[in-house]
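# A structural walkthrough
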Amino acid sequence: MKKNGWILLLFIFLGLLAGALVAVWLKEVPGLTFLTRAIKVNWSPAADLSVIQYSLNLNVNFSLLSVIGAIVAIWLYRKM
């Protein structure tokens, strides 16, 4: 399989998603709150150019488990 940037981005996205799912599943475990606590990042660009008006809202929640999932995904990509 040929390695390229799009495959790496897909691996990173899937790693973040897998880590976030594990964080949701382990949210109720009292001893693992440091792994499941999320940091929220919001980005809202908007413009009104009198012909075209747009607004985009992007909300991302990062937890330590999602970052670990991304690191594992990069490691798996390099092992391919």
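The present account deals with the structure reproduced in this document. Values in this document were obtained by computation on a predicted structure and should not be read as measured data.

Structurally, Thr36 is set in helix H2 (residues 33-36). Using a relative accessible area of 11% as the deciding quantity, one classes Thr36 as buried. For Thr36, the contacting residues outside a window of four places in its chain are Ala23, Leu26, Lys27, Ser63 and Leu65.

Here the largest pocket defines a volume of roughly 180 Å³. Surrounding the largest pocket, Phe13, Leu16, Leu17, Ala20, Val60, Asn61, Phe62 and Ser66 form its lining. Sorting the residues of the lining of the largest pocket by element identifies helix H1 (5-25) and strand E4 (58-63) as the ones contributing at least two each. Looking at the lining of the largest pocket residue by residue, the classes come out as 6 nonpolar, 2 polar and no charged. Quantified by volume, the second largest pocket comes out at close to 150 Å³. Surrounding the second largest pocket, Ala20, Ala23, Val24, Lys27, Thr36, Ala38, Asn61, Phe62, Ser63 and Ser66 form its lining. Considered class by class, the residues forming the lining of the second largest pocket number 5 nonpolar, 4 polar and 1 charged.

With that settled, consider unusual backbone geometry. For Ser50, which is not glycine, the phi torsion reads 65° and is therefore positive. The residue Ser50 is located in the loop between strand E2 (46-48) and strand E3 (53-55) in this model. By relative accessible area, which is 70% here, Ser50 ends up exposed.

Moving on, we get to the packing of aromatic side chains. A full pass over the atoms with the stated rule returns 1 aromatic pair. Summarising the aromatic geometry, the rings of Phe11 and Tyr77 are spaced 5.9 Å apart at their centres and angled 65° between planes, so their arrangement reads as edge-to-face. You can see Phe11 sitting in helix H1 and its partner Tyr77 sitting in helix H3 (residues 64-79), a full 66 residues away along the chain. Judged by relative accessible area, Tyr77 falls into the buried class, the value being 10%.

The rules behind each value
Residues numbered from 1 in each chain as written. Predicted model: local features only at pLDDT ≥ 70, side-chain atom pairs only at ≥ 80, totals over all residues. Heavy atoms only, no water. Helix = DSSP H or I, 4+ residues; strand = E, 2+ residues; numbered from the N terminus. Buried < 20%, exposed > 50% of the residue type's maximum accessible area, 1.4 Å probe, protein only. Contact = heavy atoms within 4.5 Å. 1 Å grid on protein atoms, 1.4 Å probe; cavity = no way out; pocket = protein on both sides within 12 Å on 5 of 7 lines; lining within 4 Å. Points joined across faces, edges and corners; volume = space filled by probe spheres on them. Nonpolar A, V, L, I, M, F, W, Y, C, P; charged D, E, K, R; others polar. Phe/Tyr/Trp six-rings, centres within 6.5 Å; stacked < 30°, edge-to-face > 60°.

By themselves, these observations are geometric and do not establish any function.
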